[in-house]
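Notes for the structure review
Residue strings, one per chain:
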Amino acid sequence: MKVKSKLRAAKAAKLKLAILDATIELIGEGSFKDLHINDLCSRVNISKVTLFKYFPQKEDILLYYMRIWTFHRAVEVHRNEKKGVEGIYYLIIQLSNSFDRNPGLVLSYLGYLANTHTIEKPFPIRIDERQLLYPDIEDVNIIDIQPMDQLLETFLLEAIFNKEITKSSNPKDLAYLMVSIIYGSLLTAHALRIEPSKLYFRRNIEMMLNGLK
């Protein structure tokens, strides 16, 4: 029974990641709202019943995309031990890279946050999904996945401890402010066609951090 259960879990993990990969490929630089479920099911070779078993709502794929994104960042921080201001800039660079590759997904995620009336719950990532993505990391199952605001708060606490930030401020409030700047920068870069986005995001964060020195 345990063997069958493990096989089912491994199959489910592969399928969920395949659905996410197919979503990214089908959307490209387009919008998530233009993604058709029939096209997605055809690409992965599954039925709608199977798709909705793992993602009851189409928007759940957006939440899964962002959860996997934050998981990748958690692994990178774990591997490279990014800390303080260096960690903040690293996170900004990774987000801008994702925005350049998949603007439709990133902007659609922001749109989902703007329109939902409930508090977003982190989409679960199972052990099998973690191991599929990083089979070379033995302790991948214990890596803590923090949402962006918490990860930024951790970096800010480290920056304060290392005296990279000298003005007395509440790290949680600073993290919220930084998230506001990041999300606002994403929308502004898209609306005004600002390129390269990486430099624009970094400059906005730099102005905030310079005011804290």
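What this report covers is the structure whose coordinates are included nearby.

The rules behind each value
- Residues numbered from 1 in each chain as written.
- Predicted model: local features only at pLDDT ≥ 70, side-chain atom pairs only at ≥ 80, totals over all residues.
- Heavy atoms only, no water.
- Helix = DSSP H or I, 4+ residues; strand = E, 2+ residues; numbered from the N terminus.
- Expected span 1.5 Å × (residues − 1).
- Buried < 20%, exposed > 50% of the residue type's maximum accessible area, 1.4 Å probe, protein only.
- Axes fitted to C-alpha atoms, helices over the stretch in contact; angles between N-to-C directions.
- Parallel < 35°, antiparallel > 145°, perpendicular 65-115°, else oblique.
- Contact = heavy atoms within 4.5 Å.
- Nonpolar A, V, L, I, M, F, W, Y, C, P; charged D, E, K, R; others polar.
- Core = buried A, V, L, I, M, F, W, Y, C linked by side-chain atoms within 4.5 Å.
- 1 Å grid on protein atoms, 1.4 Å probe; cavity = no way out; pocket = protein on both sides within 12 Å on 5 of 7 lines; lining within 4 Å.
- Points joined across faces, edges and corners; volume = space filled by probe spheres on them.
- Left-handed = near helix turned anticlockwise from the far one by under 90°.

**Observations concerning helix α4 (residues 60–80)**
A rise of 1.5 Å per residue sets the reference length of α4, with its 21 residues, at 30 Å; its end C-alpha atoms lie 30 Å apart and thus fit the reference within 8%. In terms of burial, α4 is largely enclosed, as 17 of its 21 residues are buried. Backbone geometry just after α4 places Glu81 at a positive phi near 55°.

**Describing the packing of helix α5 (residues 84–101) against helix α8 (residues 148–161)**
Relative to each other, α5 and α8 sit at 150°, their axes nearing to 6 Å. Put simply, α5 runs roughly antiparallel to α8. On the side of α5, the interface is formed by Gly84, Val85, Gly87, Ile88, Leu91 and Leu95, while α8 contributes Met148, Leu151, Leu152, Phe155, Leu156, Glu158 and Ala159. Looking at the contact of α5 with α8 residue by residue, the classes come out as 10 nonpolar, 2 polar and 1 charged.

**Describing the nonpolar core**
Grouped together as the largest cluster of nonpolar side chains are 68 residues, with contacts concentrated most on Ile19, Leu152, Met178 and Leu209. Setting aside anything within four residues of it in sequence, one finds Met178 in contact with Ile88, Leu152, Leu156, Ile205, Met208 and Leu209.

**Some thoughts on empty space enclosed by the protein**
Considering all chains together, one arrives at 1 cavity of 30 Å³ or more under this definition. Estimates place the volume of the largest cavity at around 30 Å³. Lining the largest cavity are Met66, Leu95, Val106, Tyr109, Leu110, Tyr183 and Leu186. Taken together, the elements giving at least two residues each to the lining of the largest cavity come down to α6 (103–115) and α9 (171–191).

**Comments concerning the environment of Leu17**
Among the structural elements, Leu17 can be located in helix α1 (residues 2–27). Under the relative-accessibility criterion, Leu17 is labelled buried at 11%. Here the alpha-carbon distance between Leu17 and Asn162, two residues 145 residues apart in the chain, equals 38 Å.

**Here's the deal with the packing of α4 against α5**
Where α4 contacts α5, the two axes come as close as 11 Å, and the packing angle between them is 140°. Between α4 and α5 lies a crossing of right-handed hand. Along the contact surface, α4 presents Tyr65, Trp69, Arg73, Glu76 and Asn80, while α5 presents Tyr90, Leu91, Gln94, Leu95 and Ser98. Of the residues contributing to the contact of α4 with α5, the split by class is 5 nonpolar, 3 polar and 2 charged.

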